[in-house]
Amino acid sequence: MKLGVVGMGWVGASVAASILHKGVASELLLNDLREELAEGEAMDLAHGSSFYPTATVRAASIEDMIDADAVIIAAGKGGGPEESRLDLLRINAAIIKGIAERLAGMRGLLVILTNPVDVMTRIAAEASGLPFARVIGTGTMLDTARLRSTLGTSLAIEPRSIHAQVVGEHGDSEVVLWSSARLGGLPLRKWPGWDRNNEQAIATEVRTAAYEIIARKGATNHAIGLVTAALLKWTLSGARRIVTVSRMQEGTAGLRDVAISLPTIVGSKGATKVIEPEMDGDEREALERSAEVLRRAYEAMQ
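Residues numbered from 1 in each chain as written. Predicted model: local features only at pLDDT ≥ 70, side-chain atom pairs only at ≥ 80, totals over all residues. Heavy atoms only, no water.

What to know about the overall build of the chain
Argument step 1. For the chain, the helix and strand inventory stands at 9 helices and 14 strands.
Argument step 2. A compact globule built from 302 residues should have a C-alpha radius of gyration of about 19 Å, and the chain, at 19 Å, falls within 12% of that.
Argument step 3. Counting over 302 residues, the chain shows a buried share of 55%.
Argument step 4. Of the roughly 13200 Å² of accessible surface on the chain, 51% is carried by carbon and sulfur atoms. (Helix = DSSP H or I, 4+ residues; strand = E, 2+ residues; numbered from the N terminus. Rg over C-alpha atoms; globule rule 2.2 N^0.38 Å. Buried < 20%, exposed > 50% of the residue type's maximum accessible area, 1.4 Å probe, protein only. Areas by Shrake-Rupley, 256 points an atom, 1.4 Å probe, with all protein chains shown as cover.)

Here it is, written out as C-alpha cells:
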C-alpha cells in the first residue's frame, strides 16, 4: 500500500510512526511545507526499518501522492490550552482547502486529522470533489477510545469489552450515548454499582482530555497516531469495521449538509454506510445541536 502524510508536526510524525509499526504501508511518502522537516523525518524513520514490517519511507510532493491508496492530512495550526478546536477554523480552512484542491482526482482515500476536524472534512470533500465516502475525518474515534478507557479504569474492565460511543462534533458539543452503552450485552446503566450521577463528570473528562494534555505537553499526538493507523488498516484491508468517523452526511439520523461523526462501516471503498445509533430523546436533541454548531461554524467562513 502506498500512503502519504501531509504535515509533519507532532501529529504527522506520530501518524507516520504508527503506520509503519502497524505494517499498513509498503511505501510511505511524507510532505511538509518545510521540505527539510519532511526529509529529516523520512531519514529518521527509515533508519528504524529493521524494527517494523518492510516499507520504504521518503519525502515527496503532494502531487506524488495522487496515486496513493490513502493520503492523511495532518497539516495546520495546533490548538493551545485556551483554544477550542473551532478557534482554529479560519487558519486551517485555507490550508486544508489548498491541499485538497491539489489532491483532486486522487484514486484513494483522503483522511483528515486537522482540527476542527469535522469542518475540515467538509472543506476537503468540497475542495477535492471526491465522493463523500472517500473523505473521512477521524472524528470521534479518539473520543470514543477515551470514553472506553475512562470507563475501563472506573469499572476495572478491559476497554475493548466496553461498547460505548461518542458521536457528534469532535469537540465541545460531542455527545456520549449513555443510553446504548453496554458491557457483555448488559446495558451500562444496569451494571452493578453504576451510578448515573457520575455520567456528566465522565463526559466532561472525555471532552476536555485534549485540553488537559495540551496544557501539560503542548500537543496531543500519540493516541491520534494510533487511531489513524488502525483506521487505515481497517479500511485498506476491507475489514468493514464500525467506527465513529466523520463524513458528509446524506440523511442518516436526519442529518444533511454537515460532516459529523456517527457509527459508520469503513472498508476499502471508504466510509460507506452510516448507521443511526440507538438514542434517547435528550441524546438526539444534543446530536442535532452539535450538527447546528458545525453548520454555523462552516457558514461563518462564507
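Topic: the sheet that holds strand 10 (residues 182-183)
Argument step 1. In space, the 3 strands of this open sheet follow the order 7-10-11, with antiparallel pairing throughout. For this open sheet the edge positions go to strand 7 (162-163) and strand 11 (186-187), each flanked by a neighbour on one side alone.
Argument step 2. Pairing geometry for strand 10 and strand 11, over 2 bridges, is antiparallel. Among the inter-strand pairings, Arg 182 is bridged to a residue of strand 11, identified as Pro 187. (Pairing = 2+ DSSP bridges.)

As for the pairing of strand 3 (residues 56-59)
Argument step 1. As defined by bridge partners, strand 2 (residues 27-31) adjoins strand 3 across 4 bridges and the pair is classed as parallel. For Leu 28, the partnering residue across the bridge sits in strand 3 and is Val 57.
Argument step 2. This β-α-β element, strand 2 to helix 2 (residues 35-46) to strand 3, shows right-handed connectivity. (Right-handed = clockwise from strand over helix to strand, strands pointing away.)

Let's talk about the nonpolar core
Argument step 1. Counting residues in hydrophobic clusters, the biggest one holds 44 residues, and the most contacted among them are Leu 103 and Leu 110.
Argument step 2. For this core, the secondary structure elements donating two or more residues are strand 4 (70-73), helix 3 (89-102), strand 5 (109-112), helix 4 (117-128), strand 13 (256-267) and helix 9 (281-299).
Argument step 3. The next biggest cluster of nonpolar side chains, apart from the first, holds 38 residues, and it includes Ala 13, Ala 16, Ala 38 and Val 245. (Core = buried A, V, L, I, M, F, W, Y, C linked by side-chain atoms within 4.5 Å.)

Quick notes on the pairing of strand 14 (residues 270-274)
Argument step 1. Here 4 bridges tie strand 13 to strand 14, and the two strands are oriented antiparallel to one another. Looking across to strand 14, one finds that Thr 264 is bridged to Val 274.
Argument step 2. The antiparallel hairpin formed by strand 13 and strand 14 contains 2 residues in its connecting segment.

Examining the packing of aromatic side chains
Argument step 1. Going through the model one piece at a time under the given rule, you end up with 1 aromatic pair.
Argument step 2. Centre to centre, the rings of Trp 178 and Trp 194 are 5.9 Å apart; their planes meet at 40°, and the pair counts as tilted. Placement of Trp 178 in the loop between strand 9 (175-176) and strand 10 and of Trp 194 in the loop between strand 11 and helix 6 (199-207) is noted, with a sequence separation of 16 residues between them. The burial state of Trp 178 is the same as that of Trp 194; both residues are buried.
Argument step 3. One residue, Arg 122, lies across the ring of Tyr 298, its end atom 3.6 Å from the ring centre. (Phe/Tyr/Trp six-rings, centres within 6.5 Å; stacked < 30°, edge-to-face > 60°. Lys NZ or Arg CZ within 6 Å of the ring centre and 35° of its normal.)

Looking at unusual backbone geometry
With the exception of glycine, the majority of residues adopt a negative phi angle, and the majority of peptide bonds are in the trans configuration.
Argument step 1. With an omega of -5°, the peptide bond running from Asn 115 to Pro 116 counts as cis.
Argument step 2. Here Pro 116 lies in the loop between strand 5 and helix 4.
Argument step 3. Non-glycine residue Arg 240 carries a positive phi angle of around 55°.
Argument step 4. One can find Arg 240 in the loop between helix 8 (222-236) and strand 12 (241-250).
Argument step 5. The phi dihedral of Ala 253 falls on the positive side, at around 55°, and the residue is not glycine.

Side note on the pattern of salt bridges
Argument step 1. Counted under the stated rule, the structure contains 13 salt bridges.
Argument step 2. One salt bridge connects Arg 102 with Glu 63, and the closest N-O pair in it is separated by 2.9 Å. Of this pair, Arg 102 sits in helix 3 while Glu 63 sits in the loop between strand 3 and strand 4; the two residues are 39 residues apart in sequence, bridging distant segments of the chain.
Argument step 3. We classify Glu 63 as partly exposed; its relative accessible area is 40%. (Salt bridge = Lys/Arg side-chain N within 4 Å of Asp/Glu carboxyl O.)

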